[in-house]
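Overview (structure and organization)
Each chain, letter by letter, is given below.
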Amino acid sequence: MQGRPPRAFIRAFEKVLPGDGRRWLRGLLLLEAGAVALREFDTAHVVAEVMSESEPGLIYDVTGSRAGGWECNCMDHQTRGGREQCKHIRAVKMVYLAVAGKGVKTDG
Ligand SMILES: [Zn+2]
């Protein structure tokens with residue numbers, strides 16, 4: 001993406017999804033780029049692989065569940081101690097919220 005996104009756009013994200021809107025946007029861009037592969041996905045939990053943007057060939061493991069608790073093995077998430085979820089988690093979480101949030105099962 002060229003340049004910075006308009007502030008109004010970032011604020012719109014933050015109204016719908018709590019937390020830093022820039023991270024949600026970066027997660028959305030990962031989805032759009034096809035960087036996210038869902039390995040396990042149902043209404044209770046999700047396991048996914050997210051390709052690194054900065055290091056080709058590097059893949060991060062993201063897990064999450066309805067009960068809470070999202071993990072990613074990237075440096076951003078590890079160093080922040082889970083206080084602010086990384087863009088990889090947010091990319092996967094957006095899919096999870098969109099589908100599991102409506103109670104839709106995707107496993108057949
Ligand atoms: Zn991450």
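So, a few notes on the structure that sits alongside this text. Quick caveat, the model's predicted, so the values are computed rather than measured. (Residues numbered from 1 in each chain as written. Predicted model: local features only at pLDDT ≥ 70, side-chain atom pairs only at ≥ 80, totals over all residues.)

**Section: the overall build of the chain**
In terms of regular secondary structure, the chain is built from 4 helices and 4 strands. Listing every helix and strand of the chain by position from the N terminus yields α-α-β-β-β-β-α-α. The buried share among the 108 residues of the chain stands at 24%. Long-range pairs, those at least 24 residues apart, make up 41% of the contacts in the chain with a sequence separation of at least 6. (Helix = DSSP H or I, 4+ residues; strand = E, 2+ residues; numbered from the N terminus. Buried ≥ 20, exposed ≤ 12 C-beta atoms within 10 Å, placed from the backbone. Contact = placed C-beta atoms within 7 Å.)

**Quick notes on the pairing of strand β1 (residues 36-41)**
The side chains of a regular strand alternate between the sheet's two faces. Pairing geometry for β1 and strand β2 (residues 45-51), over 5 bridges, is antiparallel. Counterpart to L38 in the pairing with β2 is A48. Between β1 and β2, which pair antiparallel one after the other, the connecting turn spans 3 residues. (Pairing = 2+ DSSP bridges.)

**Topic: the nonpolar core**
Judged by nonpolar contacts, the single largest core of 14 residues is most densely connected at V36, A48, V50, V62 and V92. At the level of elements, β2, β3 (59-65) and α4 (87-100) are the ones that each hand at least two residues to this core. Per element, the largest residue contribution to this core is 5 residues, and it comes from α4. If near-sequence neighbours (up to four positions away) are discounted, V50 is found in contact with L30, A35, V36, I59, Y60, V62, H88, A91 and V92. (Core = buried A, V, L, I, M, F, W, Y, C linked by C-beta atoms within 7 Å.)

**A word on the sheet that holds β2**
In spatial order, the strands read β1-β2-β3-β4; together these 4 strands make up an open sheet with antiparallel pairing. Bordering the open sheet on either side are β1 and β4 (70-72), each of which pairs with just one other strand. Pairwise comparison of adjacent strand axes, ignoring direction, gives a mean angle of 15 degrees for this sheet. Of the strand pairs in this sheet, β3 and β4 are connected by 3 bridges, and their pairing is antiparallel. Each bridged residue has a counterpart across the sheet, and for T63 the counterpart in β4 is E71. Against the sheet, α4 contacts β1, β2, β3 and β4, and its axis sits at roughly 45 degrees relative to β3. (Axes fitted to C-alpha atoms, helices over the stretch in contact; angles between N-to-C directions.)

**Some thoughts on α4**
Spanning 14 residues, α4 covers 19 Å between terminal C-alpha atoms, matching the ideal 20 Å at 1.5 Å per step. Every buried residue belonging to α4 is among K87, H88, I89, R90, A91, V92, K93, Y96 and A100, and all of these are buried. As for α4, its buried residues are in contact with α2 (21-32), β1, β2, β3, β4 and α3 (75-80). (Expected span 1.5 Å × (residues − 1).)

**Overview of the packing of α2 against α4**
How two helices pack is summed up by the angle between their axes together with the distance between the axes. Following both chains from N to C, one finds α2 and α4 inclined at 70 degrees, their axes separated by 7 Å at the closest point. Looking at the two axes, α2 sits roughly perpendicular to α4. Contacts from R23, W24, R26, G27, L28, L30 and L31 in α2 reach K87, H88, R90, A91, M94 and V95 in α4. Looking at side-chain class alone, the contact of α2 with α4 contains 7 nonpolar, 2 polar and 4 charged residues. (Parallel < 35°, antiparallel > 145°, perpendicular 65-115°, else oblique. Nonpolar A, V, L, I, M, F, W, Y, C, P; charged D, E, K, R; others polar.)

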